[in-house]
Amino acid sequence: MNWESVCYGCFREKPEDAAVCPHCGFPGEEEQPFLALPLGTVLRGRYRLGRVLGVGGFGITYLGYDLVLEIRVAVKEYMPSGLATRHADRYRVVLTGRRREDYESGLDRFLEEARILAKLQGTPHIVSVQ
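I will try to describe carefully the structure that is included in this document.

For the protein, the count of helices and strands is one helix and six strands. Along the protein, helices (α) and strands (β) appear in the sequence β-β-β-β-β-β-α when read from the amino end. The C-alpha extent of the protein, read off along each of the three principal axes, is 50 × 40 × 25 Å. Taken over 130 residues, the protein has a buried fraction of 31%. By sequence separation, contacts in the protein at least 24 residues apart represent 30% of the contacts at least 6 residues apart. On the protein, roughly 8600 Å² of surface is accessible, and the fraction owed to carbon and sulfur atoms is 52%. Charged side chains of the protein number 17 positive and 17 negative; the gap between the two group centres comes to 5 Å.

The following block contains the structure:
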C-alpha cells in the first residue's frame, strides 16, 4: 500500500492531490481531537492509526490498519480524562497530578474489559479483541 496516497478516514487509496477522499469524504488535513495521536502513527510496528472514531472518559478509539493482516481494525487507547494528558511531543502520556494509583486502577479495569471480550471471541454480536 502506498501510504502517501492513503486516506486515513477509510484506508483506501485516493489521488495524492485530493483534498477530500472520494470514497468516504474525509478531509486529509482534518485535525485530530486534542489528545489524539497524530494520523499515521504506527503502534508496535503493526497498527497504523487513522481518524478518531470516538473519545470517552476512559480513552480514544481510532480507525486502524493492521499492517500484518492487511485489514481495518479499531484501536482503543487508554487515555483517561482528568488523569492523563499528552506530552508536548504528541506521543507520550503524562499523568496530571499525583494520582498514579487512580490511573493504574483504571488501566487494570480497561485491560480486564479487554480480557472479558477476548474470552467471548466468536460470540455473535461481540467484537473480537487482540
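Now that the structure has been shown, the text picks up again.
This part is about the environment of Gly28. With respect to the helices, strands and loops of the structure, Gly28 is situated in the segment before strand E1 (42-43). Residues Gly28 and Gly9, spaced 19 residues apart in sequence, show a C-alpha to C-alpha distance of 7.9 Å. The contact partners of Gly28, leaving out residues within four places of it in the chain, are Ala19 and Leu39.

Once that is clear, we can look at the packing of aromatic side chains. Aromatic rings in a pair are described by how distant their centres are and how their planes are angled relative to each other. Counted under the stated rule, the structure contains eight aromatic pairs. For the ring pair Trp3 and Tyr8, a centre distance of 6.5 Å and an interplane angle of 15° mean the geometry is stacked. Ring pairs connect the aromatic residues Trp3, Tyr8, Phe11 and Tyr65, which therefore count as one cluster. One Lys or Arg, Arg48, reaches over the ring of Trp3 and ends 4.2 Å from the middle of that ring.

Here the focus is the pairing of strand E3 (residues 59-66). Strand residues, when the strand is regular, have side chains that alternate between the two faces of the sheet. Among the eight residues that make up E3, seven are buried, leaving the element largely enclosed by the rest of the structure. Here eight bridges tie E3 to strand E4 (residues 71-78), and the two strands are oriented antiparallel to one another. Paired with Thr61 across the strands is Lys76, a residue of E4.

With that settled, consider the layout of surface pockets. In this model, the largest pocket occupies a volume close to 1100 Å³. If you go around the largest pocket, you meet 26 residues; those closest to its centre are Ala74, Val75, Lys76, Glu77 and Gln130. Breaking the lining of the largest pocket down by element, the ones donating at least two residues are strand E2 (47-55), E3, E4 and helix H1 (100-119). Here the residues of the lining of the largest pocket sort into 19 nonpolar, three polar and four charged.

This next bit is on a negative patch on the surface. Taken together, Glu4, Glu13, Glu16 and Asp17 make up a surface patch of like negative charges. For Glu4, the location among the structural elements is in the segment before E1. When its relative accessible area of 65% is taken as the criterion, Glu4 is described as exposed.

Rules used throughout
- Residues numbered from 1 in each chain as written.
- Predicted model: local features only at pLDDT ≥ 70, side-chain atom pairs only at ≥ 80, totals over all residues.
- Heavy atoms only, no water.
- Helix = DSSP H or I, 4+ residues; strand = E, 2+ residues; numbered from the N terminus.
- Buried < 20%, exposed > 50% of the residue type's maximum accessible area, 1.4 Å probe, protein only.
- Contact = heavy atoms within 4.5 Å.
- Areas by Shrake-Rupley, 256 points an atom, 1.4 Å probe, with all protein chains shown as cover.
- Lys, Arg positive; Asp, Glu negative; His and termini not counted.
- Charge placed at Lys NZ, Arg CZ, Asp CG, Glu CD.
- Phe/Tyr/Trp six-rings, centres within 6.5 Å; stacked < 30°, edge-to-face > 60°.
- Lys NZ or Arg CZ within 6 Å of the ring centre and 35° of its normal.
- Pairing = 2+ DSSP bridges.
- 1 Å grid on protein atoms, 1.4 Å probe; cavity = no way out; pocket = protein on both sides within 12 Å on 5 of 7 lines; lining within 4 Å.
- Points joined across faces, edges and corners; volume = space filled by probe spheres on them.
- Nonpolar A, V, L, I, M, F, W, Y, C, P; charged D, E, K, R; others polar.
- Patch = residues over 30% accessible without salt bridge, like charges linked within 9 Å, V, L, I, M, F, W, Y side chains within 5 Å.
- Salt bridge = Lys/Arg side-chain N within 4 Å of Asp/Glu carboxyl O.

Without other data, these values stay purely geometric and don't point to any function.
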